[in-house]
Amino acid sequence: MPQADGVQATLAQVTAARKAEKLPGRMFVEACQRDGLDACVEYDVTITDSLTSSRRKPRHPARNMLKVVNLSQDPRQYYWHESPVADAAVTGSDVRQEAANRFAKFPVPRLLPTTAWVQVPPDLWEDPETFESFINFRLIVRLCTAENVTIIRGRGGLLEIPGIARLSSRGQFASTILAACNEIEQAGCTADGMIINPADYYQLLGSSRLIESVEQNGVFIVRTRLVDPGTAIVGDFGHGAQLFDSGRSVIKFAEPPPGTFAEPGIALMAEIYERVVVNLPATFFVVSL
């Protein structure tokens, strides 16, 4: 029995440690109780990475597809880049396309702020539990949406990066999605992710086995409104792109820019700092469905 008691004690310690961990909302509530509307909390983590979905059917953010480089722990200066050279006479490149690629290094770009706002219902902060939930599941969820904008279609996002080709012909394949997967593997990489509009996801889910098949083949799918209906981004997200991340965040009461809300009110802001880069642009396609 001493061994069993030891195991129980260890489990109790783990449980207590987990309870002691503070999610971003709890930390801000405590700051608000101390400082009122002057509360401002700076976190030494990126808070969009702090919560796991409580839904039975999770929706994954674009961040989860990418290799994240936390620059507070890994202060690198450069990243490598590989791109094809047109009409290069390189031995073996007729079979191994990547043999004709050009290698380069680029400086890590300046990180960009990603910001989200919510209006706080009057006196909500007087109910600590509800205020904590509001921060964790409204403000940070809004910040996750803003982060999707940054990664996918914001300034410097995937849809703005040069070298990512458009693919509209399915060729010998049943779908342009499968045609893109093939092109990526012919370039020596693996199509491991797809970003698709929910309207297209559910249309394909109901009309064919395509979605089921690509997911069973290991393709990680992100459903988001931030790709145009009728299109999808298919790529080697694991090896071909990176998300540079400052590893810090802030939540505070602040004055929102004009046009942020329909009505006046007390506003809460959350902000993180990051930038996506693509190392292997030849392994990404925007496909027409």
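Residues numbered from 1 in each chain as written. Predicted model: local features only at pLDDT ≥ 70, side-chain atom pairs only at ≥ 80, totals over all residues. Heavy atoms only, no water.

The next point concerns the overall build of the chain. Looking only at helices and strands, one finds seven helices and twelve strands in the chain. With 289 residues in all, the chain has 44% of them scored as buried. For the chain, long-range pairs separated by at least 24 residues make up 79% of all intrachain contacts whose partners lie at least 6 apart in sequence. (Helix = DSSP H or I, 4+ residues; strand = E, 2+ residues; numbered from the N terminus. Buried < 20%, exposed > 50% of the residue type's maximum accessible area, 1.4 Å probe, protein only. Contact = heavy atoms within 4.5 Å.)

Read from one edge of the open sheet, five strands run β6-β12-β9-β7-β8, paired in mixed fashion. The open sheet has two edge strands with one neighbour each: β6 (165-167) and β8 (220-223). Adjacent strand axes in the sheet meet at a mean angle of 25 degrees when their direction is disregarded. Sheet analysis places strand β7 (residues 193-196) next to β8, joined by four bridges and oriented parallel. (Pairing = 2+ DSSP bridges. Axes fitted to C-alpha atoms, helices over the stretch in contact; angles between N-to-C directions.)

Moving on, we get to the environment of Asp35. Within the element layout of this structure, Asp35 appears in helix α2 (residues 24-35). At 3.4 Å, the side chain of Asp35 and the side chain of Arg34 are in polar contact. (Polar contact = N/O pair within 3.5 Å; in protein donor to acceptor, adjacent residues only side chain to side chain.)

On to the confidence of the model for the chain, then. When pLDDT is averaged along the chain, the result is 89, and 89% of the positions lie at 70 or above. Long-range and interchain partners of residues 11-20, a stretch whose pLDDT sits below 50, account for zero contacts in this model, where long-range means more than four residues apart. (pLDDT = per-residue confidence, 0-100.)

This brings us to the environment of Gly240. Mapping Gly240 onto the fold places it in helix α7 (residues 237-240). Given the relative accessible area of 0%, Gly240 is considered buried. Between the alpha carbons of Gly240 and Val278 there is a distance of 5.9 Å; along the sequence they are 38 residues apart. When neighbours within four sequence positions are excluded, Gly240 is seen to be in contact with Val278, Asn279, Leu280, Thr283 and Phe284.

Following the criterion strictly, the structure yields nine salt bridges and no others. Arg63 is the partner of Glu147 in a salt bridge, and the nearest nitrogen-oxygen pair spans 2.9 Å. One end of the pair, Glu147, is in helix α3 (residues 128-152); the other, Arg63, is in the loop between β1 (40-43) and β2 (67-70), with 84 residues separating them in the sequence. Taken as a pair, Glu147 and Arg63 share a single burial class, namely buried. Between Asp74 and Arg76 there is a salt bridge whose closest N-O contact spans 2.4 Å. Overlapping salt bridges, with partners in common, bring together Arg63, Glu147, Asp245 and Glu274 in one network. (Salt bridge = Lys/Arg side-chain N within 4 Å of Asp/Glu carboxyl O.)

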